[in-house]
Structures are given as C-alpha cells and as structure tokens.
Amino acid sequence: MSKTTLIERYVMPVALKIAGQKHVLSVRDGIILNMPFMLIGSFFLIFAYLPVPGYADMMTHLFGDVWRDKMLYPVKATYDIMALISSFGIAYRLAEKYRTLDPLTAGAMSLVAFVMTIPQSTMFTPVHGAAEVVKGVIPVSLVGSQGLFVAIVISLLSTEIYRFVTNRNLVIRMPDGVPPAVAKSFLALVPGFCVLAVVLALRLAVEASPFGDINSMIATLIGIPMHHVGGTLPGMIISVILIGILWTLGLHGDAIVLVFIQPVWLSNMAENLTAFQSGLPIPHIITQQFYDLWIAPGGTGALLGLVIFMVFRSRSAQMKQLGKIAAPAALFNISEPMVFGIPLVMNPYFFLPFILTPVLLVIVTYTSMATGLVAPPAGIALPFTTPIFISGYLATGGHISGTVLQAVNLGISLVIYYPFFRAWDKLKAKEEHASQTKESAETIAGIPNA
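Keep in mind that this is a model prediction, so the values were computed, not measured. Each chain carries its own residue numbering, running from 1 in the direction its sequence is written. Predicted model: local features are reported for residues with pLDDT of at least 70 only, side-chain atom pairs are reported and counted for 80 or more only, and whole-chain, interface and lining totals are derived from all residues. Values reported for side chains reflect all heavy atoms of the structure, with hydrogen atoms and water molecules removed beforehand.

## With respect to the packing of aromatic side chains
Side-chain rings of Phe, Tyr and Trp, where Trp is taken by its six-membered ring, are said to pair if the distance between their centres is within 6.5 Å; with planes under 30 degrees apart they count as stacked, over 60 as edge-to-face, and otherwise as tilted. Tallied over the entire structure, the rule returns seven aromatic pairs. On the basis of an interplanar angle of 55 degrees and a centroid distance of 5.2 Å, the ring pair of Phe 309 and Tyr 418 is categorised as tilted. Pair noted here: Phe 309 is in helix α16 (residues 304-313) and Tyr 418 is in helix α21 (residues 400-445), with a separation of 109 residues, a long-range link. Partly exposed residues are those whose accessible area sits between 20% and 50% of the maximum for their type, while under 20% is buried and over 50% is exposed, using a 1.4 Å probe and protein chains only. We classify Phe 309 as buried; its relative accessible area is 11%. Accessibility expressed as a relative area gives 24% for Tyr 418, which makes it partly exposed. A connected cluster of aromatic rings, assembled from ring pairs, spans Phe 309, Tyr 418 and Phe 421. Only lysine NZ and arginine CZ atoms are considered, and such an atom sits over a ring when it is within 6 Å of the ring centre and within 35 degrees of the ring normal. Positioned above the aromatic ring of Tyr 98, the side-chain terminus of Arg 163 is 4.2 Å from the ring centre. Think of it this way: any DSSP run of H or I at least four residues long counts as a helix, any run of E at least two long counts as a strand, and we number them from the N terminus.

## Side note on the packing of helix α13 (residues 233-248) against helix α19 (residues 351-370)
Where α13 meets α19, the axes come as close as 9 Å, and the angle between the chain directions of the two elements is 160 degrees. It follows that α13 is roughly antiparallel to α19 by the angle criterion. In the packing of α13 onto α19, the handedness of the crossing is right-handed. From α13, Leu 233, Met 236, Ile 237, Val 240, Ile 241, Gly 244, Ile 245, Trp 247 and Thr 248 reach across to α19, where they touch Phe 351, Phe 354, Ile 355, Pro 358, Val 359, Val 362, Ile 363 and Tyr 366. Each residue gets one label: Ala, Val, Leu, Ile, Met, Phe, Trp, Tyr, Cys and Pro are nonpolar, Asp, Glu, Lys and Arg are charged, and the others, such as Gly, are polar. Here the residues of the contact of α13 with α19 sort into 15 nonpolar, two polar and no charged. Inter-axis angles, ranging from 0 to 180 degrees, are taken between N-to-C directions of lines fitted to C-alpha atoms, where helices are fitted over the stretch in contact. Here is the rule for angles: anything less than 35 degrees is roughly parallel, anything more than 145 is roughly antiparallel, 65 through 115 is roughly perpendicular, and the remaining ranges are oblique. Left-handed is the label given to a crossing in which the near helix is rotated counterclockwise from the far helix by less than a right angle, and right-handed is the label when the rotation is clockwise. Note on contacts: a residue pair qualifies if any of its non-hydrogen atoms lie within 4.5 Å across the two residues.

## With respect to helix α11 (residues 189-207)
In a helix, the anticipated span is given by 1.5 Å times the number of residues less one. The terminal C-alpha atoms of α11, which comprises 19 residues, lie 26 Å apart, in line with the 27 Å expected from a rise of 1.5 Å per residue. Along α11, the positions that sit buried rather than exposed are Pro 191, Gly 192, Val 195, Val 199 and Val 206. Taken around the axis of α11, the buried residues stretch over an arc of 100 degrees, which confines them to a single face. Think of the arc as the fan of directions from the helix axis to the C-beta atoms.

## Examining the environment of Val 408
Locating Val 408 in the fold gives a position in helix α21. A relative accessible area of 40% places Val 408 in the partly exposed class. Each C-alpha atom of the pair Val 408 and Trp 294 lies 9.8 Å from the other, and the pair is 114 residues apart in sequence.

## Remarks on the pattern of salt bridges
For salt bridges, the criterion is a side-chain nitrogen of Lys or Arg within 4 Å of an Asp or Glu carboxyl oxygen. Considering all chains together, one arrives at six salt bridges under this definition. Between Lys 97 and Asp 29 there is a salt bridge whose closest N-O contact spans 3.2 Å. Linking Lys 97 in helix α7 (residues 82-98) with Asp 29 in helix α2 (residues 22-32), this pair joins segments that are 68 residues apart in sequence. Classification of Lys 97 as partly exposed rests on a relative accessible area of 25%.

## As for a nonpolar patch on the surface
Residues with no salt bridge and a relative accessible area higher than 30% make up the patches, which join like charges within 9 Å and nonpolar side chains (Val, Leu, Ile, Met, Phe, Trp, Tyr) within 5 Å. Computed with the Shrake-Rupley method and a 1.4 Å probe, the accessible areas treat only the protein chains shown as cover for residues. Taken together, the side chains of Ile 390, Tyr 393, Leu 394, Ile 400, Val 404 and Val 408 define a hydrophobic patch exposed on the protein surface, amounting to about 530 Å² of accessible area. For the nonpolar patch, the elements supplying multiple residues, two or more each, are α20 (390-395) and α21.

## So, empty space enclosed by the protein
Detection works on a 1 Å grid of protein atoms alone, calling trapped sets that fit a 1.4 Å probe cavities and calling open sets with protein on both sides within 12 Å along at least five of seven lines pockets, with lining residues defined by an atom within 4 Å of a point. Grid points are joined across faces, edges and corners, and a volume is the space filled by probe spheres set on the points. The full count for this structure, using the stated rule, is two cavities of 30 Å³ or more. Taken as a whole, the largest cavity spans an internal volume of roughly 50 Å³. Considering the residues around the largest cavity, the lining is formed by Val 240, Ile 243, Gly 244, Tyr 291, Ile 295, Ala 296, Thr 300, Gly 301, Phe 354 and Pro 358. Breaking the lining of the largest cavity down by element, the ones donating at least two residues are α13, α15 (288-295) and α19. If one sorts the elements of the lining of the largest cavity by residue count, α13 sits on top with three residues. Per-class residue counts for the lining of the largest cavity are seven nonpolar, three polar and no charged. Computed from the structure, the second largest cavity encloses a volume of approximately 30 Å³. Here the lining of the second largest cavity gets three residues from one element, more than from any other, and that element is α11. Here the lining of the second largest cavity is built from residues that sort into three nonpolar, two polar and three charged.

Purely geometric numbers; function is a separate question.
Spelled out as structure tokens, the structure:
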C-alpha cells in the first residue's frame, strides 16, 4: 500500500472531521482575510531587501538613507495589524455559521474585546536617559502576528458568549418601526456587556500574576527553556518543532521562539566570522544563517517544495492559482502567503509535514556539516530573503557544498510534502468539480421551457 493511499485511508477521514468543525473553519476563513494584504506587503518586503549586490547603495544614492524605512510602510500596514483583522474576521465567520447572530456585530464585539486584552503601555528608551513606561499607546507588536493566538481565542470566546446570551433572549429588543441598524445596536448591548465583563475578568486575573499580560505569559512559558538549548542539535530540533506547532495554532512561532535563542545564534555567527577572517576552523554550526538558509527554504516549514507542486502539479484551480501568487514570495523565503493562503493555520492536513520537514532538514544539515561534507556557515550575514542556491554558496564563504546541500534539502521537502499535497489537491479538485456540477444543474433547471 502506497504512502498516499495510507494517508487517504487513515489520515484524511480524521482530518476531514476536524476540518469541518465550525470553530476550525471559522479560524481558517477569518485568517484568510489577511491574505491579499499579506501578499501586497510581501512584495514590498522583497524590494526592501532585494539581495542584489549594490542594490542598497543604489537606492540610498537615489532616495536617501531612509529609503528602506519608507519602503517598509506597506509592510507595517499589512503585517503589523494581522491580529486586528483576524479578530474581526474569525468572529464574523463564526457568527455566519450560527445563522442566528449578526456577523457584523460579532466581528465588532470581538475586535473591542481583543483590544481590551492589550496593555496600553510600552517601554521607551530615549537616546540620553533611562528607560521609561509610556502610557496611552498600543504596542504594534501585539496587534500583529505576535498577538494572533490571543486574537483567535478572544474572537471564539466573545462569539460564544454573544450566542449564549442571545439564545437565552437576554437582549433589548426595540419595537417594530425602529430602523434595523438602530435595533441591532440595542440588541448588542447586553451581549457586548457580558463579553467585555468576561474578558476584563480574564485580563485582571492575568495582571495579578507575575506575567502581567496574556502575550507575556505565553512568551515567558515558552521562552524560559529555549534560552538554555539554543546552540545544540537537540535544542534546534525542539525549536523548529515548537515553531511549527505554534504557527499551526495561529501563533507567530518565529517571533516567540527565536527571540530567546537568536542571541545565541548571533553570538555563534560573530565567532564564526572572526574565525573565517583569521583562516581558522569554523567553531559553530548552528547560527542564524543555519536556520534561515538551510532549514527554511521558502520560509517557515520549508514550503518551497509545496509551492513547486502547487504550480506544476495541481489539478485544483484554486491551488494552482495560489501557488502562482505565492511563488515569488517563496523564492525569497517569505512564507506568510502560503501559511495564510492555504491556510496552514488550523489545517490538520499539513500539520505533520509542516513540522516534520524542518526537523529532518535540521538533522541532515547538522550531520552534513558536523562530518565535514559541507562547509558550515562562515558568519557572513545575508538577508533571509536571499534566494536558495545563491545563499548557500555565499553563506559558506564561497563553497559549492552549501548550494548542493540546499538542493538536497529541497529534494527532501518535495518527498515529504508530496503525498499530503496530493491528498489535499485531490480534495480541492473534488470540491471544485462538485461546485461546478451544482452550478450547471441550477443553470439548466433555471432555463424556462420552450
């Protein structure tokens, strides 16, 4: 029995059951609301860090020293409000599925509740002086990808509270003749009060703990063990597993996990560069470039292989079109269009390959470099957007072995993703065919008799 048959027989039924659950569907559909904006932002991100020799100097000469900051305006306007958009979209889609709730009210209620979970203060360190707390501001990081997990939880919670209160008729109903918009606003008063009361109690409970706020609690619980294992092979494996799990749950895995181990990687990178410049053996294997350039071709989850299949092997029109749209970003190691476009968040079909692929790439890459078959990263800082094959050659200080290993890693990702891609593509093609058949039948039925 082939691997694809095993997946279709044993994995797909369970995945279909999970994927059809209202809350899972709502999370997917709500997060997809980010996709067009993420695609737009990713193109500007590519042009901001285009890995072409002399490109940055040319842009500086033409547009001044702050050209990159201005180029990143669209990136900040799309990536940095991801949680805000999702908090509205998820609640909207869940309310749609219940049919008895007003989706617009549910989305607005969720958005307000999510904003209430965010501490309206941040640390500011002036050029000359001590750090101080600035109040009356919302940290941008917490309304972007780092706040996505909290946004998912709050949107589901607020909509369920809204449904609970409404189903028990604990609402203020206006008499007939009142404009519908006004009537709906009064209907939302009691459910909205209950939602904010529950979220307020939750926030106060977390503030009374040592964590201070919900996002800090999540980051601390995950980050403490990661600080001690950053530069080891087991630590690297644990890191990529956690990153994958967090991403599939809707939480920005890289932003949470890497913040605690990047200091170790950057320190190793600096020591490697010193040794490389002095002609000494490279002391470390695991650095920032190790992860960016060999473990994440196409972005987190090594998604370049999946994109290749979507472009060249898809029978589903949806998957083929998405592959074409996501391909430019994937070539520059930006995975968000894929993560939120398929989507991979809360998608049981791709949970296993999304986590397994980076783990195998870590083991293969580390073993190849530790045994001397492949030159380790020389400490040369390359943008993470540097395309595959070019980056492997440059990061190793001009060793073709770095490029060869990237080709091997791409092959591994193709092998792992293929059966899961085939099963998902088959499902999507079947759904499209059923939809087309239904539309055709409805069209024929609607033709009047001669």
